[in-house]
Amino acid sequence: MQYDNKKSQTTTMLEQILKKIRSFGIPRIIIILFLLSLWISAAFLSIPFPALLSDTFVRLGMNTVLTLSMLPSILVGTSLFFGLPLGIICGLLGGVMSIELNLKGLTAFFAAIGFSIPLAILVGYGYGLLLNRVKGSEMTVGTYVGFAFVSLMSFGWVTLPFKNPEMAWAIGKGIRVTVSLEGRFSNVLNKLWAFELYGIKIPTGALVFLGVMCLIMGLFLRTRTGLAMQECGMNPKFAKASGIDVDRMRILGTIISTILGAIGILTYAQGFGFLQLYEAPMYMGFIAAAAILIGGATLKTAKISHVIIGTFLFQGILVVALPVANTVATLGSLAEISRIIVSNGIILYALAQKGGNE
Amino acid sequence: MTQVRRFLTNNAVSILFVVIGVLGLRVSGLSLPFFLEDIVNRLARNSFMVLSLIIPVLAGLGLNFAIVLGAMAGQAAIIVVTHWKIPGLGGILLSILLAFPLAVVLGILTGRLLNRARGKEMITTLILGFFSNGIYQLVFLLLVGSVIPMKNDVLVLSSGVGLRTSIDLTGGLKNGLDDLLRIPFPVCAAVTGIVLLGVYLTRFFRRRSVRLGKMVGIGLLALFLIGWGLFQVYTRSMFNFVRVPVGTFLIVLGLCVFITFFTRTKLGQDMRTVGQDRHIAEVAGIDSDRIRIIAMVMSTVLASIGQIVFLQNLGTFSTYGSHEQAGMFAIAALLIGGASVAKATIGQALLGTLLFHTMFIVSPLAGRTLFGDAQLGEFFRAFVAYGIIGLSLALHSWKKQMQAREEARRSV
């Protein structure tokens, strides 16, 4: 009798553990194990661990704001923000303007953000209006609106009257495909207050910047507007009944996401050292979406912690995959391929979960 | 008058593209025979692929971006057949045979995934296309030569691992289907006219068709084709150098006939019911999950054949890129033909392929003439392809929302 009791207890415990694992998410476990195995193999291949961690921190600083742009969109109920290229292009325009005005250093960086925000508000408003008309298909429409906007802006990059020779092609019209930020705002955040700890370089400025962005977001979500916005995502009918203008909130969420996309690409560019124009923004939305999903978000729920954890795990894998692959064999493309498989695999997993926006 | 107006609003997209095509053709300064040769080739190349999209639309799955998976299956088979050095028609048949089981498996997997992601089918197939591209690259870039043994200096990179980025089918599958039978365009037009006339005359005498206007229209078209064709042959004009790959077009025609008959079978009707209303279908005792999987399998298999037809016509392909855009371009073509997420016909598919490729041919040339830059024409092309997909998805969703609102108002 007693024995039976014990047995049932152990099974319930086992069940509980299984339940916990399931709620934690099987793909997340796979990804964490994958990252750990990569780290271990890196140790065996005597790839310097501090350098890997430094790179991961730099990438974290570069990518977190882009990932953060998914958050308002998910919370307000417009699902993953596949219209991210719209925000990115606003940011790139801001960056190009700041170079055109011959600004340098942190001024250039913040001026670029300043230029891009009004653009992002405008574009985000228009995009929000569109999304209100296509409820239920935001992701598909968003993807193609983003793609179309990228190719439309390709016209723009060729024809817009920017004069600075740094950005122009030596021959022909238009701005280069990649514009170097050397001497402009390349690494301005990464180098700000940077220090070394046990050989790990900490890009303090970039981390502080992303901390501030997350803090602002967290505070905003606690305000009345922020709470109303989340209500729209959780239960639009109830939100409407309690007097919240759902459509207006959705537009607001889209605008914030677009602005974060613009700021995100500029923080990305300062770490990367280049502005990537033309077709480069096209697939960035999927990477950011994958990152927040890896962190534990779903198509309907997300937290700031998901943004940070997800970006860390995803970028961690990308950072380690390349040197590991290169040491094992000349498999240079492994990093790129694992990026494609991991990012799209996690989005597919999220889509195949029950209880999405049917 | 209202009829004209309805025709214009219902076909606004196609009419717009006819205008763009005609204007672009004039601006580009292409001669008609030259343009015709290009467009005939491209129609032969791409029609099959576009037609493979129709069945999922029928089953209510929307636009199947996952035909990329079918394209990959076809491409994998082509790689194997090229490795074995089997040329011509035999090689093509073998690659269709090899691609078949792979496409069936991929179709079943896609269908099962879509049954889990109801209501989000299109975005799921889109992402699935990207995902499977990663798997494809993993197999052909990393596993071939290292895990999967393959020794071939022409196909494999000099390091011995991974396939080269482009594969030439010359001396292999290239034009294996096209070169079966090539007939000068005017002859082809005349023969088509005669067949058309024959078919409709027999129909007329059996009193199948009632609408007189349509009969007269088709009769005149047929007579025009015959007259024009014979005249061109007689005057030995440039049009005679346009040689039509009849074999490929016959296969496309076969697919059209198959789809027409399929929609009339029990399975086809069930599919339509599932597409229109899943709940009614369930009540009627139709296993909608199974029907949806069958639709995906059919689409994937057809797409695999479509890619083989496509590549044998092109004669060379980029190993890691050719399949990627197959889905997007085919979908853009279908939509330009006037199809929507919920409805697509054979006519729309063929018209769309014609209009889309017309734009493809003329836009770089028009771009060069108008802006002095061919690149701008290419940007325009990409913008139109993406834009048309985004626009028609948005319009469809908006219409659905309006309908739901209307119904809600009525029920109140």
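Residues numbered from 1 in each chain as written. Chains lettered and ligands numbered in written order. Predicted model: local features only at pLDDT ≥ 70, side-chain atom pairs only at ≥ 80, totals over all residues.

*Asks:* Please clarify how the overall build of chain B should be interpreted in this entry.
*Replies:* On a plain count of helices and strands, chain B comes out with 16 helices and four strands. Its C-alpha radius of gyration of 23 Å places chain B within 12% of the 22 Å reference for a compact globule of 412 residues. Each principal axis of the C-alpha atoms in chain B carries an extent, and together these give about 70 × 70 × 50 Å. Going through the 412 residues of chain B one by one, you find that 46% of them count as buried. (Helix = DSSP H or I, 4+ residues; strand = E, 2+ residues; numbered from the N terminus. Rg over C-alpha atoms; globule rule 2.2 N^0.38 Å. Buried ≥ 20, exposed ≤ 12 C-beta atoms within 10 Å, placed from the backbone.)

*Asks:* Looking at this structure, I do not really get the overall build of chain A. What am I missing?
*Replies:* Secondary structure summary: chain A contains 15 helices and four strands in total. Across the 358 residues that make up chain A, the buried fraction comes to 50%. Taking all contacts inside chain A whose residues are at least 6 apart in sequence as the whole, residues at least 24 apart take part in 76%. (Contact = placed C-beta atoms within 7 Å.)

*Asks:* How do you make sense of the interface of chain B and chain A when you look at a structure like this?
*Replies:* How big an interface is tends to be reported as the loss of accessible area on association of its parts. With 36 residues of chain B at the interface, the matching set in chain A holds 36 residues. Looking at the side of chain B that touches chain A, the elements with two or more residues in it are α6 (88-116), α7 (121-143) and α16 (374-411) of chain B. A per-element tally of the side of chain B that touches chain A places α7 of chain B first, with 15 residues. Per-class residue counts for the side of chain B that touches chain A are 22 nonpolar, ten polar and four charged. (Nonpolar A, V, L, I, M, F, W, Y, C, P; charged D, E, K, R; others polar.)

*Asks:* Would you mind going over the packing of helix α3 (residues 49-68) of chain A against helix α9 (residues 204-222) of chain A with me for this structure?
*Replies:* A pair of packed helices is characterised by two quantities: the angle between their axes and the separation of those axes. All names here are of chain A. At a minimum axis separation of 9 Å, α3 and α9 run at an interaxial angle of 25°. One element, α3, and the other, α9, form an angle in the roughly parallel class. With respect to the hand of their crossing, α3 and α9 are arranged in left-handed fashion. Residue-level contacts link F57, G61, T64, V65 and L68 of α3 to A206, L207, L210, M213, C214 and M217 of α9. Taken together, the residues that form the contact of α3 with α9 break down as nine nonpolar, two polar and no charged. (Axes fitted to C-alpha atoms, helices over the stretch in contact; angles between N-to-C directions. Parallel < 35°, antiparallel > 145°, perpendicular 65-115°, else oblique. Left-handed = near helix turned anticlockwise from the far one by under 90°.)

*Asks:* What's the story with helix α8 (residues 185-205) of chain B in this structure? I'm lost.
*Replies:* In an α-helix, one turn spans 3.6 residues; hence positions three or four apart end up facing the same way. Residues and elements named next belong to chain B. Under the 1.5 Å per step criterion, the end-to-end length of α8 is 30 Å for 21 residues, consistent within 8% with the ideal 30 Å. Taken together, the buried positions of α8 are F185, P186, C188, A189, A190 and G193. Residues of α8 that are buried sit in contact with α3 (32-51), β2 (182-184), α9 (212-235), β3 (243-245) and α10 (246-264). (Expected span 1.5 Å × (residues − 1).)

*Asks:* Whenever I open this one, α9 of chain B confuses me. Can you help?
*Replies:* Residue and element names in this part refer to chain B. In a regular helix each residue adds 1.5 Å, so 24 residues correspond to 34 Å; α9 covers 34 Å between its end C-alpha atoms and thus fits that length. Restricting attention to buried positions, one finds in α9 the residues A222, L225, G229 and Q232. If you follow the buried residues of α9, they end up packed against α8. After α9 finishes, the residue R236 shows a positive phi value of roughly 50°.

*Asks:* Just to check I follow, could you spell out unusual backbone geometry for this structure?
*Replies:* Working note: non-glycine residues mostly have negative phi, and peptide bonds are mostly trans. Residues and elements named next belong to chain A. Its identity is not glycine, yet N102 carries a phi of approximately 65°, on the positive side. Counting through the fold element by element, N102 comes out in the loop between α5 (84-100) and α6 (105-133). Using a count of 10 C-beta atoms within 10 Å as the deciding quantity, one classes N102 as exposed. The phi angle at Y278 is positive, at roughly 55°, despite the residue not being glycine. Residue position: Y278 is located in the loop between β4 (274-276) and α13 (284-294). A residue is classified by how many C-beta atoms lie within 10 Å of it, and Y278, with 20 of them, is buried.

*Asks:* What should I look at first to understand the packing of helix α5 (residues 67-84) of chain B against α7 of chain B in this one?
*Replies:* Residue and element names in this part refer to chain B. In the contact formed by α5 and α7, the axes pass within 8 Å of each other and the chain directions differ by 20°. Compared by their axis directions, α5 and α7 come out roughly parallel. Handedness of the α5/α7 crossing: right-handed. Contacts between α5 and α7 involve V68, L69 and M72 from the former and G129, S132, N133 and Y136 from the latter.

*Asks:* Can you walk me through the environment of L138 of chain B in this structure?
*Replies:* In this structure, L138 of chain B sits in helix α7. Accessibility expressed as a C-beta count within 10 Å gives 17 for L138 of chain B, which makes it partly exposed. In sequence terms L138 of chain B and G162 of chain B are 24 residues apart; their C-alpha atoms lie 9.1 Å from each other. Residues contacting L138 of chain B, with those up to four places away along its chain left out, are I337 and I341 of chain A together with L143 of chain B.

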